[in-house]
Amino acid sequence: YRTYVVGVPHYFQHIDDRLKENQNAHFTALARVSWVDQRSNLELQSKLFHNTAKIDKEFFEVGPGWRYPDTSDWFDRPQLLKALEHAKDHNLDLLFQSVDRAIRKYGYHPSRIDEGQPSQHEFDEMGKLAAGYGVKLVTIWHPDLTLREVQSLRSAWVMKCRCVTGGRPRKANRRGRPCK
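Just so you know, these numbers come straight off a predicted model, no measurement behind them.

Enquirer: Could you clarify how one ought to interpret helix α7 (residues 147–161) in this entry?
Expert: Structural remark: α-helix, 3.6 residues per turn; residues separated by three or four positions point the same way. Taking 1.5 Å as the rise per residue, α7 with 15 residues should run 21 Å; its terminal C-alpha atoms sit 20 Å apart, in good agreement. Taken together, the buried residues of α7 touch α3 (39–52) and α5 (99–102). In the segment just after α7, Cys-163 is the residue with positive phi, at about 55 degrees.

Shown next, in the form of structure tokens:
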């Protein structure tokens, strides 16, 4: 794995490393999508959580995943706060699919994916928030992956989950029978 981003491994731990420390670990999970139109992806994230680890409780969030710079609190991400509170109360780690499901650079847009990595300050703020609750942040996909690598993984994973192979739809053969 590449390690482009300074500070990510400090705040986020890969699930394999966490399970090596405690094979019976349970997690609080937070699934996030950016737009309401992507709600079906919340179900896919939920399946991934349950296939990967023991989940105590799941939280679902629809929003951009960033913290507005003009606020001094995290109240614009209420589901994140609820998930952290639950994890704290039950002495659990908070599980995300990937780092970008936990935090995004303010103003991120998919068309500028190479500029989308959160700043060190944004990572520090997320780390302080989790530390304030006494909760560890854990990801299923390795935290060192770049946004482009995560997007590539996510695209392939969603296609596999939906049994889509990609490419053009198959045409019926010349005799009018569907292709096999």
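Enquirer: Is there a simple way to explain the pattern of salt bridges in this structure?
Expert: Note that side chains of opposite charge can pair when their charged atoms are close. Throughout the structure, instances matching the rule amount to 7 salt bridges. Across the pair Glu-61 and Arg-77 runs a salt bridge, and its minimum N-O distance is 2.8 Å. With a gap of 16 residues between them, Glu-61 in strand β3 (residues 54–62) and Arg-77 in the loop between β3 and α4 (78–89) connect regions that are remote in the sequence. As far as the burial class goes, Glu-61 and Arg-77 line up, both buried. Among the salt bridges present, the one from Arg-104 reaches Asp-100, with a minimum N-O distance of 2.9 Å. The pair Arg-104 / Asp-100 is uniform in exposure class, with both members buried.

Enquirer: Can you walk me through the side chain of Arg-18 in this structure?
Expert: In this structure, Arg-18 sits in helix α2 (residues 15–21). Engagement of the side chain of Arg-18 in a polar contact is seen with the side chain of Glu-21, the distance being 2.4 Å. Those residues in contact with Arg-18 that sit more than four places away from it in its chain are Gln-13, Phe-27, Asp-93, Lys-136 and Val-138.

Enquirer: Looking at this structure, I do not really get unusual backbone geometry. What am I missing?
Expert: What is expected of a backbone is that most residues other than glycine have negative phi and most peptide bonds are trans. With a phi angle near 55 degrees, Asn-91 is a residue other than glycine that sits in the positive phi range. Mapped onto the elements of the fold, Asn-91 is located in the loop between α4 and β4 (93–96).

Enquirer: What's the story with the packing of α3 against α7 in this structure? I'm lost.
Expert: Relative orientation and spacing of two packed helices are given, respectively, by the angle between their axes and the distance between those axes. Packing of α3 against α7 brings their axes to within 11 Å, and their N-to-C directions diverge by 90 degrees. Relative to α7, the element α3 lies roughly perpendicular. Each of Asn-41, Leu-44, Gln-45 and Leu-48 in α3 lies in contact with α7, whose residues at this interface are Trp-157, Val-158 and Cys-161. Looking at the contact of α3 with α7 residue by residue, the class counts come to 5 nonpolar, 2 polar and no charged.

What counts and what doesn't
- Residues numbered from 1 in each chain as written.
- Predicted model: local features only at pLDDT ≥ 70, side-chain atom pairs only at ≥ 80, totals over all residues.
- Heavy atoms only, no water.
- Helix = DSSP H or I, 4+ residues; strand = E, 2+ residues; numbered from the N terminus.
- Expected span 1.5 Å × (residues − 1).
- Contact = heavy atoms within 4.5 Å.
- Salt bridge = Lys/Arg side-chain N within 4 Å of Asp/Glu carboxyl O.
- Buried < 20%, exposed > 50% of the residue type's maximum accessible area, 1.4 Å probe, protein only.
- Polar contact = N/O pair within 3.5 Å; in protein donor to acceptor, adjacent residues only side chain to side chain.
- Axes fitted to C-alpha atoms, helices over the stretch in contact; angles between N-to-C directions.
- Parallel < 35°, antiparallel > 145°, perpendicular 65-115°, else oblique.
- Nonpolar A, V, L, I, M, F, W, Y, C, P; charged D, E, K, R; others polar.

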